[in-house]
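# Structural description and commentary
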Amino acid sequence: MQEISDRPSNAIRDIFGRDKVLIGMIHCPAFPGAPRYQGAATDAIYDACMRDAEACVEGGLHGLIIENHGDVPFSKPEDIGPETTGFMSVVTDRIARAAGIPLGVNVLANAPIPAFAIAIAGGAKFIRVNQWANAYVANEGFMEGRAAEAMRYRSLLRAEHIKVFADSHVKHGSHAIVADRSIQELTRDLAFFDADGVIATGQRTGNSATMEEIEEIGAATHLPLLVGSGVNKDNIVDILSRTNGVIVASSLKHGGVWWNPVDIERVRAFRAAAEPGLEG
């Protein structure tokens, strides 16, 4: 495989101290300022996030990502207010102090600059960015990769220790703009723009990438590879045999629905099912 970047990365081992990881999602309820916010006390929002985090940690996951998934419909990066950064920083700090496992941050939609600010304020180790390079048409409209401005902002913060995990062929959108370029080329662009890890996804939240697409993306990069949607206890071992880990959310919730609280028994069952894959 031809190297695209001169920055070799073993971000998974650097962050987690292991080669294969299970990362849970904290889908924060709607924050003040979001359309679905109904006046809940901020402590109630923080407590809901903490309960999900505690269940994930007790169930044996290796890391967590804090995400403003309750802020549907998501704003484009330039329209995200400072209140989102403020509330997410508090959530991240509280979970970081209590959880004792590495945290990441994802600010929807596609907002790495607020994510870097939250990560450095709250003690997170990495951010997730859905569109790091190139462009596509998302639910929110035209979405451009924001690597150039984000990496300059990271340098400004002296936050080079905060890693970037970037999606390849990101879900919830159309890639017609770059249809003349292969998934392998789009994946290589992530390393060229200094991402530290690559995430394969399905078509939308809760849908898994196919094994063929996972292998196609993995063959195109020297970076650690994660699968970021549609992971469950039935496919986890197969996925771990092809990747460095997973980001899991919906299948750990009551009823398997993303907006429900985390179910500790589902987390335990998932962790037990994953054990053979973690040993490889």
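The shown structure was predicted, so the numbers you read here are calculated from the model rather than taken from an experiment.

### Observations regarding the nonpolar core
Core analysis: the largest hydrophobic core is formed by 65 residues, its most contacted members being Leu22, Ile95, Val105, Ile127, Trp132, Val246 and Phe270. The biggest single contributor to this core is helix α2 (residues 42-58), with 7 residues. Dropping the residues within four chain positions of it, Ile127 is found in contact with Val105, Pro112, Ala115, Phe116, Ala119, Ile162, Lys163, Val164 and Phe165. If you look at the next biggest cluster of nonpolar residues, it comprises 14 residues, including Met25, Ile65, Leu226 and Ala249.

### Digging into unusual backbone geometry
Glycine aside, negative phi is the norm for most residues, and most peptide bonds take the trans geometry. In this structure, the amide linkage connecting Val72 to the following residue, Pro73, adopts the cis form with an omega of -10°. Tracing the chain through its elements places Pro73 in the loop between β2 (63-67) and α3 (82-99). Of note, the amide linkage connecting Leu108 to Ala109 takes the cis form, showing an omega dihedral of 5°. Considering the arrangement of structural elements, one finds Ala109 in the loop between β3 (103-106) and α4 (112-122). The backbone of Asn110 shows a phi angle near 55°, a positive value even though the residue is not glycine. Within the element layout of this structure, Asn110 appears in the loop between β3 and α4.

### Some remarks on the environment of Leu240
Counting through the fold element by element, Leu240 comes out in helix α8 (residues 236-240). For Leu240, a relative accessible area of 0% corresponds to the buried category. Put simply, Leu240 and Pro276 are 36 residues apart on the chain and 9.1 Å apart in space, counted from C-alpha to C-alpha. With near-sequence residues (within four places) excluded, Leu240 lies in contact with Lys20, Val21, Leu22, Gly245, Val246, Ala274, Gly277 and Leu278.

What counts, and at which threshold
- Residues numbered from 1 in each chain as written.
- Predicted model: local features only at pLDDT ≥ 70, side-chain atom pairs only at ≥ 80, totals over all residues.
- Heavy atoms only, no water.
- Core = buried A, V, L, I, M, F, W, Y, C linked by side-chain atoms within 4.5 Å.
- Buried < 20%, exposed > 50% of the residue type's maximum accessible area, 1.4 Å probe, protein only.
- Helix = DSSP H or I, 4+ residues; strand = E, 2+ residues; numbered from the N terminus.
- Contact = heavy atoms within 4.5 Å.

Everything listed is a geometric property; what it means functionally is a separate question.
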